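Coordinates in review
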Amino acid sequence: MTDFLTRARALLGDAHVLTEGLDAWAADWRGKFIGAPLAVLRPADTGEVAALVRLCAAHRVSIVPQGGNTGMCGGATPDDSGRQVVLSLGRLNRIRHVDLLNNTMTADAGCILQTLQDVAAGHDRLFPLSLGAQGSCQIGGNIATNAGGVQVLRYGNTRDLVMGLEVVLPDGQVLDLLRGLRKDNTGYDLRQLFIGSEGTLGIITAAVLKLFPRPHANVVALAATTSPQHAIELLALMRSRLGDRFTAFELISDACVAMVRQYFPQTPSFLAGEHPWSVLMQASDGGEQQALEAAFQSALESALETGLIEDVAIATSENQAAGVWALRETIPEAQQHDGANIKHDIAVPVSGIPAFIDEVVPLLHAAYDGVRPVIFGHCGDGNLHFNVSRPPGWSTADWQEETDRINDIVLDAVARYQGSFSAEHGLGQLRRNAMLRYKAPLEREVMRKIKQALDPESLMNPGKVIYG
Ligand code: FAD
Ligand code: MLT
Ligand code: ZN
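Presented here is a report on the structure given in the accompanying data block. (Residues numbered from 1 in each chain as written. Chains lettered and ligands numbered in written order. Predicted model: local features only at pLDDT ≥ 70, side-chain atom pairs only at ≥ 80, totals over all residues. Heavy atoms only, no water.)

1. Things to note about the site of ligand 2
With respect to spatial proximity, the complete set of residues near ligand 2 consists of Met-72, Arg-328, Pro-332, Lys-343, Phe-376, His-378, His-385, Glu-424 and His-425. Between ligand 2 and His-378 there is a distance of 3.1 Å, counted from an oxygen atom to a side-chain nitrogen or oxygen. In the environment of ligand 2, an oxygen atom lies 3.0 Å from a nitrogen or oxygen atom belonging to the side chain of His-385. Compared with its free state, where it exposes 260 Å², ligand 2 has 89% of that area covered by protein. (Near = heavy atom within 4 Å. Polar contact = N/O pair within 3.5 Å; in protein donor to acceptor, adjacent residues only side chain to side chain. Areas by Shrake-Rupley, 256 points an atom, 1.4 Å probe, with all protein chains shown as cover.)

2. Comments concerning the state of the cysteines
For the structure on display, the rule yields zero disulfides. With no disulfide partner, Cys-137 has as its closest neighbouring cysteine sulfur the one in Cys-111, 12 Å distant. The class for Cys-137 is buried, based on a relative accessible area of 3%. Cys-379 forms no disulfide, and the closest cysteine sulfur to it belongs to Cys-256, at a distance of 12 Å. Take Cys-379: its relative accessible area is 0%, and that puts it in the buried class. (Disulfide = S-S within 2.5 Å. Buried < 20%, exposed > 50% of the residue type's maximum accessible area, 1.4 Å probe, protein only.)

3. Digging into the coordination of the zinc ion (ligand 3)
By definition of the ideal shapes, a tetrahedral metal site with four donors has angles of 109.5 degrees and an octahedral site with six donors has angles of 90 or 180 degrees. Around the zinc ion (ligand 3), the protein contributes the donor atoms His-378 (NE2), His-385 (NE2) and Glu-424 (OE), at 1.9 to 2.1 Å from the metal centre. In the primary sequence, the donor residues of the zinc ion (ligand 3) line up as H-x6-H-x38-E. Of this pair, His-378 sits in the loop between β18 (372-377) and β19 (383-389) while Glu-424 sits in the loop between α15 (403-416) and α16 (432-438); the two residues are 46 residues apart in sequence, bridging distant segments of the chain. Overall, His-378 belongs to the buried group, its relative accessible area being 3%. Glu-424 sits in the buried class, given a relative accessible area of 10%. (Donors = N, O, S within 2.8 Å, 3.2 Å for Na, K, Ca; no water. Helix = DSSP H or I, 4+ residues; strand = E, 2+ residues; numbered from the N terminus.)

4. Let's talk about the nonpolar core
In globular proteins that are soluble, nonpolar side chains generally tend to be buried together. If you look at the biggest cluster of nonpolar residues, it comprises 57 residues, and the most contacted ones within it are Leu-234, Phe-249, Met-281, Phe-296, Phe-356, Ile-357 and Phe-386. Apart from residues no more than four positions distant in its own chain, Leu-234 is found in contact with Phe-249, Val-279, Met-281, Ala-303, Leu-308 and Ile-309. Ala-109, Ile-143, Leu-169 and Ile-195 belong to the second largest nonpolar core, which has 30 residues in total. (Core = buried A, V, L, I, M, F, W, Y, C linked by side-chain atoms within 4.5 Å. Contact = heavy atoms within 4.5 Å.)

5. Overview of the sheet that holds strand β3 (residues 62-66)
If you trace the four strands from one edge of the open sheet to the other, you get β1-β2-β4-β3, paired in mixed fashion. Because the sheet does not close on itself, it has two edges, and the strands there are β1 (17-18) and β3. (Pairing = 2+ DSSP bridges.)

6. Focus on the site of ligand 1
Inspection of the region around ligand 1 gives 35 residues, with Pro-65, Gly-67, Gly-68, Thr-70 and Gly-71 positioned closest. One nitrogen or oxygen atom from the main chain of Gly-67 is found 2.7 Å from an oxygen atom belonging to ligand 1. One nitrogen or oxygen atom from the side chain of Thr-145 is found 2.9 Å from an oxygen atom belonging to ligand 1. Protein chains bury 97% of the 970 Å² of accessible surface belonging to ligand 1 in isolation.

Here you go:
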């Protein structure tokens, strides 16, 4: 390995081959997975990435690509063998080109998501991918995980927002798919293969991203509702009244609100009293603020009249809107403070959400007295973060021991609803068992063949996505 490191230093310079003080790269955001990298390599551009990949192939050193390291599944965390390198993309941070007439932006993979949103806004455009970790996650990581977030309802997943890609293949060749085309039927769409591949097929070094007109009118509201059934009926009502202007619909259970209040007591209350469920809604468009507000309010009046909601607060300033969003986006952090919780990132058809919740919550209570389901998320997409927090009196360690049993309760139900056991976070190291238990063998076999064709030595993020 000394020869490998010497050559890596010759390629990148000493300052960008780190072998000490690697804690920040060795563990995931939740602190659930902790590895022991041989080194952290920090290339500056596509050429350096390609040279490093060739060097790693020559020395049979496996590579764990890492972006902002905000992933929820340990996908960017190396194993503990001390033989894997972390390839950190943060120095690839240039905006290469903005094409306003084509409505596209070409950016390096290490650009921070929020920076891309800001650059788009500076050109009076919207880059709509939006999630709680946007201040630190990178577009390469978003693409590698096919991130979802809070505007999927209107704009789709990352997959729908990427028009072109540049990828360094496992043999070090650079695959240039950086085309800004809205139509291109010239064979297999290779770009889609790399989106959501979690670093197992190659290293994404740049992307052509889709831009949209920037909305100038925005309405954000928090409503109280009595049940998930009312929530999804509200969703249908709002969509029928607002159409594509309706951009976000996030369900929040009372346990989430209580947890955020406990760990972030400065969080304002937007609704008086206690409510079993709240819903955060957002609409936006390019027209007049007043017109959008009027349409939004009229739909809410119908919802109040028909009893779909009990109360509602509409943000009256950008500050207040940001506060409502902060209540929602602080939930993951509050859960971190609260200690062990067994996470699920599931999807079922939107219409199945109420029955799914009604079925699984009692199963959990029957299994564990005092268990705390912490349910929130992108209800408009059928995607819930269905987390299970420990009952009072349980230690974090004892609760972690229950992971397999709890996963079986929740994920067997997901399978009964023809749902997904990983809707937006991906697989990483966390979903190995679920993949083996629920994913059809033929689907796994086809994936394995693709992996074998592109990465026969299995040097790209081994132990993730392709298991066993
Ligand atoms: P990392 O965590 O660094 O890596 C994730 C995976 O991608 C790993 O497998 C890694 O090997 C691979 N990878 C990274 N960069 C590259 C590259 N350039 N080429 C090839 N492979 C690469 N996710 C959602 O989908 N929706 C949400 O709403 C959401 N909210 C979140 C809120 C919080 C507070 C946090 C902490 C996380 C949230 N996430 C969410 C999860 C996470 O932010 C996303 O998965 C994000 O896309 C990961 O980006 P990253 O740059 O941090 O990637
Ligand atoms: C979210 O929607 O907040 C995230 O996906 C993070 C989480 O599940 O904790
Ligand atoms: Zn989410």
